[in-house]
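Residues per chain, in single letters:
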Amino acid sequence: MPMSSIIVPDTCHIELDHVSVVFGSGAQQVTALSDISFQIHSNEFVSLLGPSGCGKSTLLRLVADLLQPTTGSIRVAGEEPERARLQRQFGIVFQTPALFDWRTVRHNVELPLELLGTSRKECRRMSGELLEMVGLTRFADHYPWQLSGGMQQRVSIARALALDPPLLLMDEPFSALDEFTKEKLQLELLDIKRSTGKTFLFVTHSIPEAVFLSDRIIVLSAHPGQVHSIHSVNLPAERDRELRETEAFYRMMTTIRNCFYEERDPIHVPAHQ
Ligand SMILES: Nc1ncnc2c1ncn2[C@@H]1O[C@H](COP(=O)(O)OP(=O)(O)OP(=O)(O)O)[C@@H](O)[C@H]1O
């Protein structure tokens, strides 16, 4: 995999400063996010964790320039999100793979490169590298509908990496997958982080997933969405399957879980949850 060609100006990769988002008006008005401030540094893996409706996806959409904040400011690699998007500073992976069924796996991965006018030969070389990275070399000429859900999500990760962005934004990418596939893809994602040195902003509502993957976890509370607390995950950088059985892993999960059951300043979880 080539090193990222885009230089990130300093170690602060994402910065949110007093960001709020209000949808609608009058009786329909919803404050989705209120006064959110945090920084994410280069090469960090940070998860946004919180109950349904706390604003995780809204936050990710702000960083991805899919939505503007009502107040506050956002910087991605030192730039406004729109400029960062135009500079191809980030790739996005959504919960649903959103692949083109009429294009083969290889051609799905090559699409962003084709749109940039990359030569056929270079497209082929890069898609080959990316498909090897996500373990799909044998399936390059298959169509998405011939793949399992986990394999489809691997294709969308490869496609998000095609332009070698320094930052990967992921919105619950594994939540629709079975436990076995999920755990395998989590390990593969950590391998990708190790081999590429990219920064990850990862949305999840799974405590074990956030603990296993992250360097830091930003816990959000709901109605309105606010930063409840930010936790460093003090687990070894090299993580494997066995880590999930360790006392340290359970302790970290308990620390995070307790955020949702504190007596003072509890995180609001809707009654139907
Ligand atoms: N386009 C929109 N118009 C109006 N309200 C919206 C819009 N998008 C999100 N909301 C509201 O903002 C709040 C946060 O939604 P968001 O989807 O960001 O939460 P979430 O934490 O990602 O939820 P989930 O885990 O269920 O996906 C919710 O109350 C939601 O109803």
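Residues numbered from 1 in each chain as written. Predicted model: local features only at pLDDT ≥ 70, side-chain atom pairs only at ≥ 80, totals over all residues. Heavy atoms only, no water.

Going by the annotation in an unreviewed UniProt entry, the name recorded for the chain is ABC transporter ATP-binding protein, with Paenibacillus taichungensis given as the source organism.

Axis separation between helix H5 (residues 149-161) and helix H6 (residues 179-196) bottoms out at 11 Å; the angle between their running directions is 20°. By the angle between their axes, H5 is roughly parallel relative to H6. Considering how the two elements wind past one another, H5 and H6 form a crossing that is right-handed. Packed against H5, whose contacting residues are Gly-150, Gln-153, Arg-154, Ile-157 and Leu-161, the element H6 presents Thr-181, Lys-184, Leu-185, Glu-188 and Ile-192 at the interface. For the contact of H5 with H6, the class distribution of residues is four nonpolar, three polar and three charged. (Axes fitted to C-alpha atoms, helices over the stretch in contact; angles between N-to-C directions. Helix = DSSP H or I, 4+ residues; strand = E, 2+ residues; numbered from the N terminus. Parallel < 35°, antiparallel > 145°, perpendicular 65-115°, else oblique. Left-handed = near helix turned anticlockwise from the far one by under 90°. Contact = heavy atoms within 4.5 Å. Nonpolar A, V, L, I, M, F, W, Y, C, P; charged D, E, K, R; others polar.)

The next point concerns the packing of aromatic side chains. Taken as a whole and assessed by the stated rule, the structure comprises seven aromatic pairs. Plain terms: the ring middles of Phe-100 and Trp-102 are 5.1 Å apart, the flat faces sit at 55° to each other, and that makes the pair tilted. Residue classification places Phe-100 among the partly exposed positions, given a relative accessible area of 31%. With relative accessibility at 64%, the residue Trp-102 sits in the exposed group. Both rings, one in Tyr-143 and one in Trp-145, keep their centres 5.8 Å apart while their planes meet at 15°; by these two values the pair is stacked. On the basis of relative accessibility, which here comes to 56%, the residue Trp-145 falls in the exposed class. Cluster of aromatic residues (ring-pair linked, three or more members): Phe-45, Phe-174, Phe-200 and Phe-202. A cation over a ring is seen here: Arg-244 above Phe-212, with NZ or CZ 3.8 Å from the ring centre. (Phe/Tyr/Trp six-rings, centres within 6.5 Å; stacked < 30°, edge-to-face > 60°. Buried < 20%, exposed > 50% of the residue type's maximum accessible area, 1.4 Å probe, protein only. Lys NZ or Arg CZ within 6 Å of the ring centre and 35° of its normal.)

The next subject is the sheet that holds strand E7 (residues 199-204). Neighbouring strands of a sheet are bound in pairs by backbone hydrogen bonds; such pairs are parallel or else antiparallel. Strand order in the open sheet formed by six strands is E5-E6-E7-E3-E8-E9, and the pairing between neighbours is mixed. The open sheet terminates on both sides in strands that have one partner only, identified here as strand E5 (90-93) and strand E9 (226-232). Ignoring which end each strand starts from, the neighbouring axes of this sheet average 15° apart. Note that strand E3 (residues 45-49) and strand E8 (residues 216-221) share four bridges and pair parallel. Residue pairing in the sheet places Leu-48 in a bridge with Ile-218 of E8. Across the face of the sheet, helix H8 (residues 247-259) comes into contact with E3, E8 and E9 while running at roughly 170° to E9. (Pairing = 2+ DSSP bridges.)

Counting across every chain of the model gives 18 salt bridges. Of the charged contacts, one joins Arg-125 and Glu-122 as a salt bridge, the two residues approaching to 2.8 Å between their closest N and O atoms. One end of the pair is Arg-125 and the other is Glu-122, both in helix H4 (residues 120-133) and three residues apart, which spans about a single turn. The partner of Arg-194 in a salt bridge is Asp-191, with the nearest N and O atoms 2.5 Å apart. Here Arg-194 pairs with Asp-191, and both are found in helix H6, just three residues apart, close to one helical turn. Linked through salt bridges whose partners overlap, the residues forming this network are Glu-122, Arg-125 and Glu-129. (Salt bridge = Lys/Arg side-chain N within 4 Å of Asp/Glu carboxyl O.)

Formed by 49 residues in total, the largest nonpolar core has its most connected members in Leu-49, Ile-157, Met-170, Leu-189, Val-211, Ile-217 and Ile-256. Broken down by element, the residue count for this core peaks at six residues, all from H5. In terms of domain composition, this core takes at least three residues from each of domain 1 (9-89 + 165-273) and domain 2 (100-164). If sequence neighbours within four positions are ignored, Leu-189 has contacts with Phe-45, Met-170, Phe-174, Phe-200, Phe-202 and Leu-213. Membership of the second largest hydrophobic core comes to 29 residues, among which are Ile-36, Phe-38, Ile-40 and Ala-84. (Core = buried A, V, L, I, M, F, W, Y, C linked by side-chain atoms within 4.5 Å. Domains from an automatic or database assignment.)

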